[in-house]
Amino acid sequence: MKTETLEPRTIASEANPKVVSEAEWLVARRNLLTREKDLTRLRDEVSRHRRELPWVKVEKGYVFNGPEGKETLADLFAARSQLIVYHFMLGPGWREGCKSCSYLADHFDAANWHLPARDVTFVVVSRAPLSEIQAYQNRMGWRFKWLSSHDTDFNFDYHVSATEEEKMKRKMFYNYRTDELISDEMPGLSVFYKDEDGDVFHTYSTYGRGLDILVGTYNFLDLVPKGRDENPDFTMDWVRRHDEY
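Structure report, in brief.

Another point: the packing of aromatic side chains. Any two aromatic rings considered together are summarised by their centre-to-centre distance and by the angle between their planes. Within this structure, the stated rule accounts for 24 aromatic pairs. Relative to phenylalanine 144, the ring of phenylalanine 108 lies with its centre 5.6 Å away and its plane at 65°, an arrangement referred to as edge-to-face. Of this pair, phenylalanine 108 sits in helix H3 (residues 108-112) while phenylalanine 144 is found in the loop between helix H4 (130-140) and strand E6 (146-148), placing the two residues 36 residues apart along the sequence. Judged by relative accessible area, phenylalanine 144 falls into the buried class, the value being 2%. Both rings, one in tryptophan 142 and one in tryptophan 146, keep their centres 6.0 Å apart while their planes meet at 50°; by these two values the pair is tilted.

See below:
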């Protein structure tokens, strides 16, 4: 299925940077390099603080339905001690998955070649029944492990699906605050650790623009003159599922 592609915006001539000599450009580039290095050091510092967050022991017994049958949260680690769960927006009865989550998911398989070498298992979880998940995954051609949390509280406990009470009030606790309900399903990522005794701990979750770091395409776009060139009122209105461009 094809979707009309939005016309890319042009850079207004008056907004273009001035054209300079190679020597002048080198001065400007070195100045920017200083700021890039500052950002790299800050990112390293933030990552260190993330690793130093306290943990919460997971007491509830979640059981997911996946391609290999029923699996508990502890089972999902496989032979590893660290688990990343991407909360994909695909609710029961949806015709297709969220296009923005699909944009992120296009990057997962490549990373998943390497994550197991660093003691990390990566999976995707949605609240839709497994049959609906598999139909969409087959359409998109993704290989990553994708499970259904349809009969569990998992999505509600990690605040990516609106409860019935939240839907009635039209307000949802998401990204660590209560705000207007945008959708019954929201995107997110959660990280867990399993110790030698088999106990599972929740170490981190992120939502909203905290997920930008997963999108390699954005890193490419940030390098070019137009940047992401997105509509500030709805940044992802240009995104299409990869079979719809």
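Residues Phe64 and Gly66 of strand E2 (residues 63-66) are buried on one face, while the alternating residues Val63 and Asn65, pointing to the opposite face, are not. Looking at chain direction, E2 and strand E3 (residues 69-72) are connected through four bridges and run antiparallel. Its bridge partner lying in E3, glycine 66 is registered against glycine 69. Between E2 and E3, which pair antiparallel one after the other, the connecting turn spans two residues.

Rules used throughout
- Residues numbered from 1 in each chain as written.
- Predicted model: local features only at pLDDT ≥ 70, side-chain atom pairs only at ≥ 80, totals over all residues.
- Heavy atoms only, no water.
- Phe/Tyr/Trp six-rings, centres within 6.5 Å; stacked < 30°, edge-to-face > 60°.
- Helix = DSSP H or I, 4+ residues; strand = E, 2+ residues; numbered from the N terminus.
- Buried < 20%, exposed > 50% of the residue type's maximum accessible area, 1.4 Å probe, protein only.
- Pairing = 2+ DSSP bridges.

Treat this as a map of the structure, not an account of what it does.
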